Amino acid sequence: MQYKAPTGTQDILPEDQPYWRYVIARMRHIVGTYGFQEMGVPIFEDTFLFARGVGEATDIVEKEMYTFEDRGGHSITLRPEFTAGVMRAYIEHGMRVRPSPVKLYSIGPTFRYERPQAGRYRQFWQLNVESIGEQDPATDLEVMSVAWHIYADLGFRELSFQLNSTGCPQCKPGYKQVLVAYYQDHLHVICDDCNRRLGTNPLRVLDCKQPQCQPVIAGAPHMTDHLCVECAGHFAALQSYLDDLDRPYTLNHRLVRGLDYYTKTVFEVWAEGIGAQNAVCGGGRYDGLIELLGGPPTPGVGFASGIERIILTLKQQGIEPPPLPAPRVFLAYRGEAAKRAAIRLLGLLREAGVGAVMGFGDRSLKAQLRQAGRQGMAYALVLGEDELAAGQVTVRDMTRGQQERVARDGIVAWLQNRLTAPRHTP
Ligand code: AMP
């Protein structure tokens, strides 16, 4: 039997690591400059936290969580997203006494039992950003801006925001009634899922992808026509701030997002090459969530961005990450005495900060030099009987194919002088 990575998971091979390192390093740098601090939360939590925080009537809780009983009989769930865990930690550590807003970010794997396809996995990484404590629509703008900044910095083309408001506990119930009433004339046309959703989580009918539901959705009343005065004011202010920054956005009345906790602003960022179904990030405001999880009433706004999707987009748009540091010197040897000298020299080079490797397995010099070439080394050092006797090393410049002898005492400094920029192993 041959083992395979579980469905919906993927190995990240060495050649893909430059993308991962680059994307995560740029993310950390940019969110850091906006004043967000990194926060680590467990990969698993009590199932109850997600059931309550994400919402019982969401796809995630209904059918996507990796839930199991641990050896102590507790129901545990692998995190399907970060927000509920971060809010649990915010409450647990009394973080509300910190200067407001408390701005946090996290990076790590999340888990959802979804139907795998391009850009959709069962284990996927997220950058999660939260700004906790302020109602001000300028905080919504800040969170949206940092998302935008990351994609622009990575070189994504044709960025745009999709924007909607899902109202608050004052106006959302009224809109739900209007929506459900509108759907009464269409019950025979819409899919079974939507028929069910009308009873459990009616807003979700708006993001149904079934063809027969599309004309019904197109004629559905808009949430933004049913906002209370406060939500309408918040939404108008956010749009005027986006206009001030010249950020393009599309009012998308179908954008409700899967999670229960959103209030007021919901948004996604779309980029070229990722397709309308595949936002690079999604987020919004969740003013009731902390209270729902047992904390004091505290507003918040945030977003999550899938890292695999960012990497797919980079590849589709032909954007190359910078190479990772790799050794540039290869030590080749012939004979046992030279091998021992090579091992000693390798130690000296590494201690001096010169990245180097040696050939193993006593292969022929020719085979060792071929390996040095395949690994993209800048120099190959050759140690044989001649070189040992003369107290020298033969240095082969792998790009130019030229050789010269250098004194063994001076070889470390010689290489340090010539090697400056790190180079990538192909
Ligand atoms: P969500 O937590 O559903 O709002 O998703 C936030 C972001 O995470 C999305 O915009 C995607 O970039 C990413 N994402 C969500 N689900 C998946 C998945 N199954 N596989 C890969 N990326 C995902």
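Note that this is a predicted model, so its numbers are computed, not measured. (Residues numbered from 1 in each chain as written. Predicted model: local features only at pLDDT ≥ 70, side-chain atom pairs only at ≥ 80, totals over all residues. Heavy atoms only, no water.)

Q: I tried to follow the pairing of strand β4 (residues 75-78) on my own but got confused; where do I start?
A: Regular strands place side chains that alternate from one sheet face to the opposite one. With three bridges connecting them, strand β2 (residues 44-46) and β4 associate as antiparallel partners. Its bridge partner being in β4, Asp 46 is matched across the sheet by Ile 76. Inspection of the sheet shows strand β3 (residues 67-69) paired to β4 by three bridges, in the antiparallel sense. Looking across to β4, one finds that Phe 68 is bridged to Ile 76. (Pairing = 2+ DSSP bridges. Helix = DSSP H or I, 4+ residues; strand = E, 2+ residues; numbered from the N terminus.)

Q: Would you mind showing me how to read the environment of Asp 192 here?
A: The topology assignment puts Asp 192 in helix α7 (residues 192-200). Assessed through its relative accessible area of 67%, Asp 192 is described here as exposed. Sequence separation between Asp 192 and Leu 324 is 132 residues, and the spatial gap between their C-alpha atoms is 50 Å. (Buried < 20%, exposed > 50% of the residue type's maximum accessible area, 1.4 Å probe, protein only.)

Q: How should the packing of helix α1 (residues 17-33) against helix α11 (residues 307-316) be read in this particular structure?
A: For any two helices packed against each other, the geometry is given by the interaxial angle and the distance between the axes. Close contact between α1 and α11 brings their axes to 10 Å; oriented N to C, the two are set at 115 degrees. It follows from the interaxial angle that α1 and α11 lie roughly perpendicular. Remark: the crossing between α1 and α11 carries right-handed chirality. Contacts from Tyr 19, Trp 20, Val 23, Ile 24 and Met 27 of α1 reach α11 at Ile 307, Glu 308, Ile 310, Ile 311, Leu 314 and Lys 315. Here the residues of the contact of α1 with α11 sort into nine nonpolar, no polar and two charged. (Axes fitted to C-alpha atoms, helices over the stretch in contact; angles between N-to-C directions. Parallel < 35°, antiparallel > 145°, perpendicular 65-115°, else oblique. Left-handed = near helix turned anticlockwise from the far one by under 90°. Contact = heavy atoms within 4.5 Å. Nonpolar A, V, L, I, M, F, W, Y, C, P; charged D, E, K, R; others polar.)

Q: In this structure, what is going on with the pattern of salt bridges? I would like to understand it.
A: Once the charged atoms of two side chains with opposite charge are near each other, the side chains can pair. Across all of its chains, the model carries 20 salt bridges by this definition. The closest approach of N and O atoms between Arg 26 and Asp 153, which form a salt bridge, is 2.9 Å. Note that Arg 26 is positioned in helix α1 and Asp 153 in helix α5 (residues 137-153), a separation of 127 residues in sequence. You can call Arg 26 partly exposed: its relative accessible area is 25%. Across the pair Glu 142 and Lys 103 runs a salt bridge, and its minimum N-O distance is 2.9 Å. Residue Glu 142 is found in helix α5, and its partner Lys 103 is found in strand β5 (residues 102-111); the two are separated by 39 residues along the sequence. For Glu 142, a relative accessible area of 23% translates into the label partly exposed. Overlapping salt bridges bring together Asp 140, Glu 230, Lys 264, Arg 285 and Asp 287 as one network. (Salt bridge = Lys/Arg side-chain N within 4 Å of Asp/Glu carboxyl O.)

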